[in-house]
Amino acid sequence: MAHPVWADGRAYEAYVGRWSRPVAGEFLRWLAVPPGRRWLDVGCGTGALTSTVLALGDPRHVSGVDSSPGFVAYARAAVRDGRAAFQVGDARALPLPDRCVDVVVSGLAVNFVPEPARAVAEFARVVRPGGVAAAYVWDYAGGMALLRHFWDAAALLDPAVAERDEGRRFAGCDPGSLRGMWTDAGLTAVALRPVDVPMVFADVDDYWTPFLGGQGPAPSYVASLTAPQRARLRDLLAARLPVAPDGSIRLTARAWAVRGTAPA
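Presented here is an overview of the structure given in this document. Since this is a predicted model, take the numbers as computed values, not measurements. (Residues numbered from 1 in each chain as written. Predicted model: local features only at pLDDT ≥ 70, side-chain atom pairs only at ≥ 80, totals over all residues. Heavy atoms only, no water.)

## Remarks on the nonpolar core
- Of all hydrophobic cores here, the largest spans 85 residues; its most connected members are Phe123, Trp138, Phe150, Trp182, Tyr207 and Leu233.
- If sequence neighbours within four positions are ignored, phenylalanine 150 has contacts with Tyr207, Trp208, Phe211, Ala218, Tyr221, Val222, Leu233 and Leu237. (Core = buried A, V, L, I, M, F, W, Y, C linked by side-chain atoms within 4.5 Å. Buried < 20%, exposed > 50% of the residue type's maximum accessible area, 1.4 Å probe, protein only. Contact = heavy atoms within 4.5 Å.)

## Some thoughts on the sheet that holds strand β7 (residues 249–261)
- The strand order across the open sheet formed by seven strands is β3-β2-β1-β4-β5-β7-β6, and the pairing between neighbours is mixed. Where the open sheet ends on each side, the last strands, each with one partner, are β3 (84–88) and β6 (188–201). Neighbour-to-neighbour, the strand axes of the sheet open up by a mean angle of 20 degrees, direction not taken into account.
- Taken together, the five bridges between strand β2 (residues 61–66) and β3 define a ladder with parallel strand orientation. Counted as the bridge partner of valine 62 is alanine 84 from β3.
- With respect to the sheet, helix α3 (residues 69–78) is in contact with β2 and β3, its orientation differing from that of β3 by roughly 165 degrees.
- Together, β6 and β7 form the strand contacts of helix α5 (residues 145–157), whose direction differs from that of β7 by roughly 120 degrees. (Pairing = 2+ DSSP bridges. Helix = DSSP H or I, 4+ residues; strand = E, 2+ residues; numbered from the N terminus. Axes fitted to C-alpha atoms, helices over the stretch in contact; angles between N-to-C directions.)

## Thoughts on the pattern of salt bridges
- Taken as a whole and assessed by the stated rule, the structure comprises 14 salt bridges.
- Between aspartate 235 and arginine 234 there is a salt bridge, with its nearest N and O atoms 4.0 Å apart.
- Shared partners join several salt bridges into a network, and the residues in it are Asp90, Arg92, Glu115 and Arg118. (Salt bridge = Lys/Arg side-chain N within 4 Å of Asp/Glu carboxyl O.)

## Considering the side chain of aspartate 66
- Inspection of the secondary structure assignment puts aspartate 66 in strand β2.
- Look at aspartate 66: it is buried, it has no salt bridge, and the nearest opposite charge is arginine 76 at 11 Å.
- Polar side-chain contacts of aspartate 66 include one of 3.3 Å to the backbone nitrogen of cysteine 44.
- At a separation of 2.8 Å, a polar atom in the side chain of aspartate 66 contacts the main-chain amide nitrogen of glycine 45.
- Beyond its immediate sequence surroundings of up to four residues, aspartate 66 is in contact with Gly43, Cys44, Gly45, Phe71, Val72, Gln87, Val88 and Gly89. (Lys, Arg positive; Asp, Glu negative; His and termini not counted. Polar contact = N/O pair within 3.5 Å; in protein donor to acceptor, adjacent residues only side chain to side chain.)

## Considerations on the packing of aromatic side chains
- Summed over all chains, the structure comprises nine aromatic pairs.
- Relative to tryptophan 151, the ring of phenylalanine 150 has its centre 5.0 Å away and its plane inclined at 85 degrees; by these criteria the two rings are edge-to-face.
- Sitting above the plane of the tryptophan 256 ring, arginine 254 keeps its charged end 5.7 Å from the centroid.
- A cation over an aromatic ring shows up here: arginine 259 above the ring of tryptophan 30, its NZ or CZ 5.6 Å from the ring centre. (Phe/Tyr/Trp six-rings, centres within 6.5 Å; stacked < 30°, edge-to-face > 60°. Lys NZ or Arg CZ within 6 Å of the ring centre and 35° of its normal.)

## Description of helix α9 (residues 217–224)
- In terms of burial, α9 is a largely internal element, six of the eight residues being buried.
- Among the residues making up α9, those that are buried are Pro217, Ala218, Pro219, Ser220, Tyr221 and Val222.

## Points about the environment of tryptophan 39
- Mapped onto the elements of the fold, tryptophan 39 is located in strand β1 (residues 38–42).
- Placed 64 residues apart in sequence, tryptophan 39 and valine 103 show a C-alpha to C-alpha distance of 4.7 Å.
- Ignoring any residue separated from it by four or fewer positions in sequence, one finds tryptophan 39 in contact with Leu28, Val33, Val53, Pro59, His61, Val62, Ser63, Val103 and Val105.

## A few points about the packing of α5 against helix α10 (residues 227–240)
- α10 packs onto α5 with a crossing angle of 125 degrees between their chain directions and a minimal axis gap of 9 Å. Overall, the two elements α5 and α10 adopt an arrangement that is oblique. Once α5 is placed against α10, the crossing between them reads as right-handed. Contacts between α5 and α10 involve His149, Phe150, Asp152, Ala153, Ala154, Leu156 and Leu157 from the first element and Arg232, Leu233, Leu236, Leu237 and Arg240 from the second.
- A class-by-class count of the residues in the contact of α5 with α10 yields eight nonpolar, one polar and three charged. (Parallel < 35°, antiparallel > 145°, perpendicular 65-115°, else oblique. Left-handed = near helix turned anticlockwise from the far one by under 90°. Nonpolar A, V, L, I, M, F, W, Y, C, P; charged D, E, K, R; others polar.)

## Description of the side chain of arginine 148
- Structurally, arginine 148 is set in helix α5.
- Among the polar contacts made by the side chain of arginine 148, one reaches the side chain of aspartate 165 at a distance of 2.5 Å.

Written out as structure tokens, the structure is:
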């Protein structure tokens with residue numbers, strides 16, 4: 001199975017990065033972290049969650065870590081706040097010492113880490129006693145309507161596509177799996193909640209065009225198709241999507257958020 005491409009920050013923002021920001025706001029309001037804390041954003045991507053922490057969390061400092069040099073470069077250019085810094089790094093071996101941050105967060109990234117439990121163990125390692133380790137991931141199996149519509153249509157044209165569907169690949173994006181990873185890492189007071197945000201597209205082209213950017217499993221699949229195959233998939237989606245009389249498409253995206261506390 002081909003690995004998804006994560007390199008072009010602008011294409012990622014157009015595809016799904018823009019939808020992370022409303023989820024990030026709800027997530028941070030739920031965490032309710034006091035001001036003046038040191039934060040770490042793991043899998044920071046294009047900086048969506050870091051930007052929201054800076055806007056809403058009044059942090060002392062935010063460190064962003066991501067395995068994609070392209071995304072780190074985009075975040076550095078996009079986030080100009082002097083309280084933020086970004087570096088390339090592996091979530092399974094974070095380039096930080098033990099117990100050095102007050103809050104570890106991760107947005108839409110844990111499921112893409114090979115051996116995600118190792119990443120969560122790293123969250124627990126670097127957070128100070130009494131600090132918070134938290135994350136959110138899309139509910140790919142059912143609640144992420146953008147992708148549910150896409151993969152259901154793709155499977156009608158190519159049944160073999162099922163192995164690429166995030167709903168099947170990312171079994172860890174459900175409450176039970178998330179709770180288990182946080183508990184196994186030694187974090188306490190583990191809690192979860194769903195976060196639902198609206199996704200409104202102006203028309204079918206607004207929905208479809210971001211899939212042509214090549215960033216992530218679904219766009220990578222589109223890139224592998226011939227031009228006639230892409231046209232058939234687009235036409236099938238246009239016929240199946242809930243298009244309103246004015247041409248707009250209104251969907252809902254659900255993410256699962258999880259939090260835990262580092263023991264004293």
